[in-house]
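Here's the letter readout for the chains.
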Amino acid sequence: MAIAEPRSETRVEPARRSWTAVLHDWVTTVDHKKIGIMYVLMAIVFLVIGGIEAILMRLQLFYPRNTVIDPDLFNQLFTMHGTTMVFMVGMPILIGMGNYLVPLMIGARDMAFPRMNAMGFWATLFGGLLVYSSFLTGGAPAIGWYALSPLTAHVFARSAATDLWALGLVVNGVGTISGGVNFVATILGMRAPGMELRKVPFFVWTILWTAIEILFAIPPLTAALIMLLLDRNLGSHFFDPQTRGSAILWQHMFWFFGHPEVYILILPVFGIISEIIPVFSRKVLFGYEFMAAATAAITFISLGVWAHHMFTVGLGRFENLFFIASSLLVSVPTGIKFFNWLATMYGGRIRFASPMLYAFGFLSMFLIGGLTGIMLAAAPFDFQLNDSYFVVGHFHWVLIGGTLFGTLGGIHYWYPKVTGRMLSERIAKWQFWILYIGFFMTFGAMHISGVLGMPRRIYTYDADRGWTIWNQLTTIGGLIQVPSFLLLIVNLTWSYWFGEPAGDDPWNAWTLEWSTTSPPPAYNFEQVPVVRSRRPLWDLKHPDDPDWKYE
């Protein structure tokens, strides 16, 4: 049976400290919870920056032949927008949530390597700042976020901006890899007594496989970036086709990272959703073992699908068939997960609190994004729509729709644990519906403009192409999303000071993090818990009918 920390009836408020002491405490901390919070705050700041960049691009495309910004700045913005959202928003916010939650969920007092954990955060932040320092050279790189060769050659990118971009991503990658190592060591080596791998909370299971995917996917990108820096600064010619280098080699190395990256961003969200849906359906997760096996399968299969991004380079018939088959294969374990979530909800007592609302948003977004992904996995279809706005709409639907809605569900679910306060449900639901409507308008219209032939990354277009109305809908949808993010920031801030006290377990949940105080103490648990099932808090609350009898 799980043993929860005894709860104190009275809390002694610590003496008020100076802001410099607080700052010093946070800057030098090795506490996994503070590091997790800093990851999430960093990601929110970069989310605002990336969002502003996107809105500027959308304003430029609102009218044909518009001149809100100049072409060079437009190219810089789409480079920085993509780079920001992938490396400084998506991965950090999920690594931050993992940092905060994994030790609490497995009954540990910290990560396996606390100092490495702190180093990982500061490397991630420093890498991001290094990328943005490229603006100081007279402008950010105008090469696109996946920096196809030969755009990165000196002849097309003459300033040091591209070097700073590459160097920043190398440093950022060091932080991400260190995070991956730490997660694997923590989950494999620091679980509470009795918590076998088949009993870990599902979020922890997905973080484990995400970390493994990080360790396979990020090093090739780091190597490619170092090779690019050598090309640009020391006269090597890895990616220069005019001197027997290969532009295709860059694409292979980039996409070997790039497609697993999709799963690095979505697997933790699968874990978040798998924690939320059972609690708000009042049922155990349906088919835990199948879900776990599907997660491992997704990890391995996703390492063999990278070249479906390269159908149009002329891979050859066998290679095309292989990557079509492997890309379609990854939809099988993904589909298993989807049906298991539906089966978990079926017959349950569903409560539409804000975390569950976002879980529903995730399911609808990921379903549409997944279906358009299956369409693009077929080479003949991809030949027609590659590098069009259909692709832009698809990956935004998967990555932003899936990752963003799932992550927001997790933030609304665990915010009471982190702060001891409840978020405002009214503001949260307003935010959800505004974001949902704006999102459909933005990225649904992109699919249609792509089918009508609009290429991605273009600065402007002629009025006779028939793309105007779809671009205007996309821009209006983007503007509709803006107040939803403002509401999120207002809710996070206001609720921290004035929100209703949450108590230790406001959702009547079942995993170990809810057994300690809200917010948790520095040491997490006074006594290391002992676990006998996947729902240790259920066992504690229902000693007459514990789960361990049936697992």
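For the structure itself, consult the block above.
Just so you know, these numbers come straight off a predicted model, no measurement behind them.

### Re the overall build of the protein
Across its full length, the protein carries 16 helices and zero strands. Its C-alpha atoms give the protein a radius of gyration of 23 Å, near enough to 24 Å, the size a compact globule of 551 residues would have. Dimensions of the protein along its principal axes, counting C-alpha atoms only, are 70 × 55 × 40 Å. Sorting the 551 residues of the protein into buried and exposed places 59% on the buried side. Long-range contacts, defined as pairs at least 24 residues apart, comprise 82% of the intrachain contacts of the protein with a sequence gap of at least 6.

### As for unusual backbone geometry
Between S149 and P150 the backbone carries a cis peptide bond, its omega angle lying at 10°. Its place among the elements puts P150 in the loop between α4 (114–132) and α5 (161–189). The omega angle of the peptide bond from S518 to P519 is -5°, so this bond is cis rather than trans. Structurally, P519 is set in the loop between α15 (468–498) and α16 (536–541). The phi dihedral of R282 falls on the positive side, at around 55°, and the residue is not glycine.

### Here we look at the pattern of salt bridges
Throughout the structure, instances matching the rule amount to 13 salt bridges. In this structure, the salt-bridge partner of R456 is D387, at a minimum N-O distance of 3.6 Å. In this pair, R456 is assigned in the loop between α14 (425–451) and α15 and D387 in the loop between α12 (379–385) and α13 (389–419), connecting sequence segments 69 residues apart. Among the residues examined, R456 registers a relative accessible area of 12% and is labelled buried. The partly exposed category is assigned to D387, whose relative accessible area is 33%. The salt bridge partner of K429 is E425, with a shortest N-O separation of 4.0 Å. Of this pair, K429 and E425 are both found in helix α14, four residues apart, which corresponds to roughly one turn of the helix. Connected through shared salt-bridge partners, R17, D25 and K34 make up one network.

### Overview of the nonpolar core
Ranked by size, the top nonpolar core spans 158 residues in total, and within it F87, W165, W341, F362, F405 and Y413 carry the most contacts. Broken down by element, the residue count for this core peaks at 20 residues, all from helix α3 (residues 71–106). Ignoring any residue separated from it by four or fewer positions in sequence, one finds Y413 in contact with E275, I276, V279, F280, P355, W507, A509 and W514.

### Observations concerning a nonpolar patch on the surface
Taken together, the side chains of L328, L367, I368, L371, I374 and F440 make up a nonpolar region of the molecular surface, amounting to roughly 460 Å² of accessible area. At four residues, the largest contribution of residues to the nonpolar patch is made by helix α11 (residues 354–377). Its place among the elements puts L367 in helix α11.

### Digging into the packing of aromatic side chains
Given two aromatic rings, their pairing is described by the distance between the two centres and the angle made by the two planes. All chains considered together, the criterion is met by 54 aromatic pairs. With centroids separated by 4.8 Å and ring planes inclined at 65°, the aromatic side chains of Y413 and W414 adopt a geometry described as edge-to-face. For the pair Y413 and W414, one class covers both residues: buried. Among the aromatic residues, those joined into a ring-pair cluster are F87, W145, Y146, F238, F239, W250, F254, W255 and F257. Above the plane of the ring of W26 lies K34, whose end atom (NZ or CZ) is 5.5 Å from the centre.

### Some words on the environment of V262
Position of V262 among the secondary structure elements: in helix α7 (residues 247–281). Judged by its relative accessible area of 18%, V262 is buried. As a C-alpha pair, V262 and S388 span 126 residues in sequence and 19 Å in three-dimensional space. Not counting residues up to four positions away in its chain, the partners in contact with V262 are V398 and L399.

### Brief notes about the environment of D547
For D547, the position within the fold is in the segment after α16. Apart from residues no more than four positions distant in its own chain, D547 is found in contact with V284, S533, R535, W538 and D539. Here the side chain of D547 touches R535 through a polar contact of 2.5 Å, side chain to side chain.

What counts, and at which threshold
- Residues numbered from 1 in each chain as written.
- Predicted model: local features only at pLDDT ≥ 70, side-chain atom pairs only at ≥ 80, totals over all residues.
- Heavy atoms only, no water.
- Helix = DSSP H or I, 4+ residues; strand = E, 2+ residues; numbered from the N terminus.
- Rg over C-alpha atoms; globule rule 2.2 N^0.38 Å.
- Buried < 20%, exposed > 50% of the residue type's maximum accessible area, 1.4 Å probe, protein only.
- Contact = heavy atoms within 4.5 Å.
- Salt bridge = Lys/Arg side-chain N within 4 Å of Asp/Glu carboxyl O.
- Core = buried A, V, L, I, M, F, W, Y, C linked by side-chain atoms within 4.5 Å.
- Patch = residues over 30% accessible without salt bridge, like charges linked within 9 Å, V, L, I, M, F, W, Y side chains within 5 Å.
- Areas by Shrake-Rupley, 256 points an atom, 1.4 Å probe, with all protein chains shown as cover.
- Phe/Tyr/Trp six-rings, centres within 6.5 Å; stacked < 30°, edge-to-face > 60°.
- Lys NZ or Arg CZ within 6 Å of the ring centre and 35° of its normal.
- Polar contact = N/O pair within 3.5 Å; in protein donor to acceptor, adjacent residues only side chain to side chain.

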